[in-house]
Structure formats: structure tokens, C-alpha cells
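Per-entry structural report
Here is how the chains run, residue by residue.
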Amino acid sequence: MLSQLKAAAMFILDPPWTREGPETFTMAVPEAHTTFKRGDVGWAKRPPAVVQCPSCHDLFTHEFANDFLDCPSCHMERSPEEFAGMELVALVCPRCDRRLDQGIRHPEMMDVPEYASCTECQYHWEYQHDYEP
């Protein structure tokens, strides 16, 4: 009986992550409320976006949502607030670099994607979880 208690205590006390460091910790499991294992919330954590330059029509990656939009081909520059006016080609999974499935749930309120999901690595991003009319 004592050995069973020790084994149970070791299971509970052992760290729940498999790699070095707590940043790999996740409680999401396929049997839980979602099938997504990793994700982010908020515009600042938006996945990298491939956009088309309005000046030269080349495609470039806008890595971070709050950075200026800089075309490497023609050096066009726009503020981050002008992202909605750019032609969005795709959002890219920050985990496995695949194209994300994306969408807008509230087209009358939003002109940028509200969510994006990767069917390969189960990554999911949400613009925000609560909406004010």
C-alpha cells in the first residue's frame, strides 16, 4: 500500500511538461473542451501574415502585428493600424509554418481575421474572446 501511495505521489509531483522549462506546459488535451493544444489570444500575438504590397504587388511577410508594414521590394511603409487595408493572402502557423484556416465571425464588426487554426499541429489563435456591440 505504501509503495502505491509513493507511486501516486510521484506522478502528481512530477512536472507535467516533457521538455525543459515550464513554457512547454499545457493542460489542453484532445478529450477536453478543445482539440487545440497550443494557441494565442490577442492582436499583439497574431500569427505572421503574408500580405500583398499595394504599390508593387509583391508578397511579403508581416511577422509581428504591432510592427510597421514594410515592403522589402519597393520600401512602401504603412503603420500597423493600416493592416486592415492591406490585401491579406494568408496567416502562417508560428509552430509548423503551414497556412492557417482563418475566418471572421462578425463581419459587421471586424475587417481583420478573428481566428486562425492549424489542422496539422493543432495551433489556434483568437483575436479576442469577448465582444462588445
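Just above sits the structure.
These notes cover the structure that comes with them.

Definitions and limits used
- Residues numbered from 1 in each chain as written.
- Predicted model: local features only at pLDDT ≥ 70, side-chain atom pairs only at ≥ 80, totals over all residues.
- Heavy atoms only, no water.
- Pairing = 2+ DSSP bridges.
- Helix = DSSP H or I, 4+ residues; strand = E, 2+ residues; numbered from the N terminus.
- Axes fitted to C-alpha atoms, helices over the stretch in contact; angles between N-to-C directions.
- Phe/Tyr/Trp six-rings, centres within 6.5 Å; stacked < 30°, edge-to-face > 60°.
- Buried < 20%, exposed > 50% of the residue type's maximum accessible area, 1.4 Å probe, protein only.
- Lys NZ or Arg CZ within 6 Å of the ring centre and 35° of its normal.
- Disulfide = S-S within 2.5 Å.
- Polar contact = N/O pair within 3.5 Å; in protein donor to acceptor, adjacent residues only side chain to side chain.

Now for the sheet that holds strand 6 (residues 87-91). With antiparallel pairing, 3 strands are arranged side by side in an open sheet as 3-2-6. The two strands at the open ends of the sheet, each matched to only one other strand, are strand 3 (59-62) and strand 6. Pairs of neighbouring strands in the sheet enclose a mean axial angle of 30°, with direction left out of account. Here strand 2 (residues 49-52) runs beside strand 6; their pairing, made up of 4 bridges, is antiparallel. Paired with V50 across the strands is A90, a residue of strand 6.

On to the packing of aromatic side chains, then. Enumeration over the complete set of coordinates arrives at 3 aromatic pairs. With centroids separated by 5.4 Å and ring planes inclined at 70°, the aromatic side chains of W43 and F83 adopt a geometry described as edge-to-face. Taken together, the residues span a long stretch of sequence, with W43 in the loop between strand 1 (38-41) and strand 2 and F83 in the loop between strand 5 (77-78) and strand 6 at a distance of 40 residues. Grouping residues by exposure puts W43 and F83 together as buried. Pairwise contacts between aromatic rings join W43, F83, W125 and Y127 into one cluster. The residue whose ring lies beneath R46 is W43, and the NZ or CZ to ring-centre distance is 5.3 Å. In this structure, R46 is placed above the aromatic ring of F83, and the distance from its NZ or CZ to the ring centre is 4.7 Å.

Another aspect to go through is the sheet that holds strand 8 (residues 115-117). Within the open sheet, the 4 strands sit side by side as 1-9-8-7. Their pairing is mixed. Whereas interior strands pair on both sides, the edge strands pair on one side only; in this sheet they are strand 1 and strand 7 (101-103). The mean inter-strand angle of the sheet, taken between neighbouring strand axes irrespective of direction, is 10°. One ladder, built from 3 bridges, connects strand 7 with strand 8; its direction is antiparallel. Counted as the bridge partner of Q102 is A116 from strand 8.

Put plainly, a disulfide is one covalent bond tying together the sulfur atoms of two cysteines. Scanning the entire structure with this criterion turns up 0 disulfides. Free of any disulfide, C56 has its nearest cysteine sulfur in C71, 3.6 Å distant. Take C56: its relative accessible area is 28%, and that puts it in the partly exposed class. Sulfur of C96: no disulfide; nearest cysteine sulfur belongs to C118 and is 3.5 Å away. Given the relative accessible area of 28%, C96 is considered partly exposed.

We now examine the pairing of strand 9 (residues 123-126). Because side chains alternate across strand 9, one face comprises the buried residues Y123 and W125, and the other comprises H124 and E126, equally buried. Note: strand 1 against strand 9, 4 bridges, orientation parallel. Following the sheet pairing, V41 is matched in strand 9 by E126. With 3 bridges connecting them, strand 8 and strand 9 associate as antiparallel partners.

A few words on the side chain of E126. You can see E126 is positioned in strand 9. E126 gets classed as buried once you look at its relative accessible area, which sits at 8%. Of the polar contacts made by the side chain of E126, one reaches the side chain of R105; its length is 2.9 Å. A polar contact is formed between the side chain of E126 and the side chain of H124, at a distance of 2.7 Å.

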